[in-house]
Amino acid sequence: MKRFKTFIEEGRFPLWSKVLVGGIVMKIRNLQTRINSEEDVKKKLSLISQQNVLLSYISGLSVAVNSRDQKLLSKIKSGAMSIGKS
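Each value, and the rule that gives it
Residues numbered from 1 in each chain as written. Predicted model: local features only at pLDDT ≥ 70, side-chain atom pairs only at ≥ 80, totals over all residues. Heavy atoms only, no water. Helix = DSSP H or I, 4+ residues; strand = E, 2+ residues; numbered from the N terminus. Buried < 20%, exposed > 50% of the residue type's maximum accessible area, 1.4 Å probe, protein only. Contact = heavy atoms within 4.5 Å. Areas by Shrake-Rupley, 256 points an atom, 1.4 Å probe, with all protein chains shown as cover. pLDDT = per-residue confidence, 0-100. Axes fitted to C-alpha atoms, helices over the stretch in contact; angles between N-to-C directions. Parallel < 35°, antiparallel > 145°, perpendicular 65-115°, else oblique. Left-handed = near helix turned anticlockwise from the far one by under 90°. Core = buried A, V, L, I, M, F, W, Y, C linked by side-chain atoms within 4.5 Å. Expected span 1.5 Å × (residues − 1).

## Quick look at the overall build of the protein
Moving on, step 1. Along the backbone of the protein there are four helices and zero strands.
Moving on, step 2. In sequence order, the secondary structure elements of the protein are arranged as α-α-α-α.
Moving on, step 3. Split into buried and exposed, the 86 residues of the protein put 24% on the buried side.
Moving on, step 4. Long-range pairs, those at least 24 residues apart, make up 45% of the contacts in the protein between residues at least 6 apart in sequence.
Moving on, step 5. If you sum the accessible surface of the protein, you get close to 6300 Å²; carbon and sulfur atoms cover 58% of it.

## Focus on the confidence of the model for the protein
Moving on, step 1. Mean pLDDT over the protein: 80, with 77% of residues reaching 70 or higher.
Moving on, step 2. Summarising per-element confidence for the protein, the mean pLDDT is lowest in helix α1 (residues 4–9) (64) and highest in helix α2 (residues 15–37) (88).

## Things to note about the packing of α2 against helix α3 (residues 41–67)
Moving on, step 1. For the pair α2 and α3, the least separation of the axes is 10 Å and the interaxial angle reads 160°. Between α2 and α3, the angle is such that the two are roughly antiparallel. In the crossing of α2 with α3, the sense of the turn from one axis to the other is left-handed. Between α2, through Trp16, Ser17, Leu20, Val21, Ile24, Val25, Lys27, Ile28, Leu31, Gln32, Arg34 and Ile35, and α3, the contact on the second element is made entirely by Lys44, Leu47, Ile48, Gln50, Gln51, Leu54, Leu55, Tyr57, Ile58 and Leu61.

## Observations concerning the nonpolar core
Moving on, step 1. One finds Ile24, Leu54, Leu61 and Leu73 to be the most contacted residues of the largest nonpolar core, which totals 13 residues.
Moving on, step 2. Of all the elements in the fold, those that place two or more residues in this core are α2, α3 and α4 (70–84).

## So, α3
Moving on, step 1. For α3, built from 27 residues, the straight-helix expectation of 39 Å at 1.5 Å per residue is met to within 8% by its first-to-last C-alpha distance of 39 Å.
Moving on, step 2. When α3 is considered as a whole, its buried residues turn out to be Leu47, Gln51, Leu54, Gly60, Leu61, Ala64 and Val65.
Moving on, step 3. A positive backbone phi angle near 60° is found at arginine 68, which sits one or two residues after α3.

Set out below in structure tokens:
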């Protein structure tokens, strides 16, 4: 895995997308820790669901950036930014 500093310094993707993905990855790691420590199955499933939503934003962002689809990019950016506020 790359160090975050190396990831940020690469010029291939917009800076905002790198920062956004970094924040989402931190949330995913936090959720993974909570999933591992949770004993209630219903709560585990809820946490896994939240984790899957975050993973879908990373995948969608990757597709949008690589395809240079501005409409998809703006949709995913606004959706991911709203997730980051919750």
